[in-house]
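# A closer look at the structure
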Amino acid sequence: AQKVTQAQTEISVVEKEDVTLDCVYETRDTTYYLFWYKQPPSGELVFLIRRNSFDEQNEISGRYSWNFQKSTSSFNFTITASQVVDSAVYFCALSERNRGSQGNLIFGKGTKLSVKP
Amino acid sequence: ETGVTQSPTHLIKTRGQQVTLRCSSQSGHNTVSWYQQALGQGPQFIFQYYREEENGRGNFPPRFSGLQFPNYSSELNVNALELDDSALYLCASSLQGRGTEAFFGQGTRLTVV
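Structural notes, computed from the coordinates.

Rules of the game
- Residues numbered from 1 in each chain as written.
- Chains lettered and ligands numbered in written order.
- Predicted model: local features only at pLDDT ≥ 70, side-chain atom pairs only at ≥ 80, totals over all residues.
- Heavy atoms only, no water.
- Core = buried A, V, L, I, M, F, W, Y, C linked by side-chain atoms within 4.5 Å.
- Buried < 20%, exposed > 50% of the residue type's maximum accessible area, 1.4 Å probe, protein only.
- Helix = DSSP H or I, 4+ residues; strand = E, 2+ residues; numbered from the N terminus.
- Contact = heavy atoms within 4.5 Å.
- Buried area = accessible area lost by both parts, 1.4 Å probe.
- Salt bridge = Lys/Arg side-chain N within 4 Å of Asp/Glu carboxyl O.
- Polar contact = N/O pair within 3.5 Å; in protein donor to acceptor, adjacent residues only side chain to side chain.
- Nonpolar A, V, L, I, M, F, W, Y, C, P; charged D, E, K, R; others polar.
- 1 Å grid on protein atoms, 1.4 Å probe; cavity = no way out; pocket = protein on both sides within 12 Å on 5 of 7 lines; lining within 4 Å.
- Points joined across faces, edges and corners; volume = space filled by probe spheres on them.
- Pairing = 2+ DSSP bridges.
- Phe/Tyr/Trp six-rings, centres within 6.5 Å; stacked < 30°, edge-to-face > 60°.

All names here are of chain A. Formed by 23 residues in total, the largest nonpolar core has its most connected members in W36, F75, F77, Y90 and L113. When residues of this core are traced back to their parent elements, those giving at least two are β2 (10–14), β3 (19–21), β5 (32–39), β8 (64–69), β9 (74–79), β10 (88–96) and β12 (111–116). A per-element tally of this core places β10 first, with four residues. The contact partners of Y90, leaving out residues within four places of it in the chain, are Q6, L21, W36, Y37, K38, L48, Y64, F77, I79, G110, T111 and L113.

Below, the structure is given as structure tokens:
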């Protein structure tokens, strides 16, 4: 069965601290895609990153970085020097290739990040 | 902004009623997916439409149905509303294909009383 686990329900940090959000996934497919989305209080899910299962290179985008490790089925997300505007719920999601609906996303339960000034 | 728009933003319905939610997809996208997000949970896949046909379905009963129109916009219909249908309903548009990113609308908050 496919599954995404975000063990951290809520995290609270003080501005400028670094914070890592954990994501562990389960799948039997050899080809799959992993995503991170941000959901601010407005409700809209904002796409942050996509990674395919053959690309284990870590990625950095400004203050955001992602660490993908197939050996541990993890796709962790780090925010460096956090800011109040980073406060949101963050979702990790898995999309598999051989499904009737391509692009069907399986989401974790999300991690609520609160960044205090 | 993603270019995906949903209407209405909020809706209150009575148990047993029917509801229709609407979604306009991002320009150039041919696939629309619908998700239900209960409070404090991650979104759950309802179904996907591609070329005006249902192209995959999650674990939702038949009273959840949909349509996709030639302009790729979509509707989600829910019959015989139950209290547990209260949730944020999210529409996502994408290009059909493996692992393409989905862009979400702001959602419709449905409350069933």
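Interface size is often expressed as the accessible area that is lost when the parts come together. Taken together, the contact between chain B and chain A spans 24 residues of the former and 22 residues of the latter. Note on chain B versus chain A: buried area summed over both sides is about 2000 Å², and carbon and sulfur give 51% of it. Joining chain B to chain A, the criterion identifies one salt bridge. For E101(B), the salt bridge is made with R50(A), and the minimal N-O distance between the two is 3.0 Å. Along the contact surface separating chain B from chain A lie four residue pairs in polar contact (both at pLDDT 80 or more). Of all the secondary structure elements, the ones that give two or more residues to the side of chain B that touches chain A are β4 (31–37), β5 (44–50), β6 (53–57), β9 (87–94) and β10 (103–104) of chain B. Counted by class, the side of chain B that touches chain A contains eight nonpolar, 14 polar and two charged residues.

This part is about the layout of surface pockets. Within this model, the largest pocket holds a volume of roughly 500 Å³. Only β10 and β12 of chain A provide two or more residues apiece to the lining of the largest pocket. Among the residues forming the lining of the largest pocket, the class breakdown is eight nonpolar, 14 polar and four charged. Considering only enclosed or pocket space, the second largest pocket measures out at about 420 Å³ in volume. Along the walls of the second largest pocket sit 19 residues, with I106(A), F107(A), P43(B), Q44(B) and F45(B) positioned nearest its centre. By residue number, the principal contributor to the lining of the second largest pocket is strand β11 (residues 105–107) of chain A, which donates three residues.

The next subject is the pairing of β9(B). Residues and elements named next belong to chain B. The element β9 is largely enclosed, with a buried count of eight among its eight residues. Going residue by residue along β9, you find A87, Y89, C91 and S93 tucked away on one face and L88, L90, A92 and S94 tucked away on the opposite face as well. When β4 meets β9, the two strands line up antiparallel, connected through seven bridges. Paired with V32 across the bridge in β9 is S93. Note: β9 against strand β11 (residues 108–112), three bridges, orientation antiparallel. The residue of β11 that forms the bridge with A87 is L110. Pairing geometry for β9 and β10, over two bridges, is antiparallel. What sits directly across from S93, in β10, is F103.

On to the packing of aromatic side chains, then. Considering all chains together, one arrives at 21 aromatic pairs over all chains under this definition. Look at Y37(A) and F47(A): their rings are 5.9 Å apart centre to centre, the planes differ by 70°, and that puts the pair in the edge-to-face class. Here F47(A) lies in strand β6 (residues 46–52) and Y37(A) lies in strand β5, a separation of ten residues in the sequence. Classification of Y37(A) as buried rests on a relative accessible area of 0%. A ring pair is formed by Y64(A) and W66(A), whose centres lie 6.0 Å apart and whose planes are at 85°; its orientation type is edge-to-face. Given a relative accessible area of 3%, W66(A) falls into the buried group. An aromatic cluster of three or more residues is present, and its members are F35(A), Y37(A), F47(A), F91(A), F107(A), Y35(B), F45(B), F103(B) and F104(B).

Turning next to the pattern of salt bridges. Counting across every chain of the model gives eight salt bridges over all chains. Where R51(A) meets E59(A), a salt bridge forms, and the shortest distance between an N and an O atom there is 2.8 Å.

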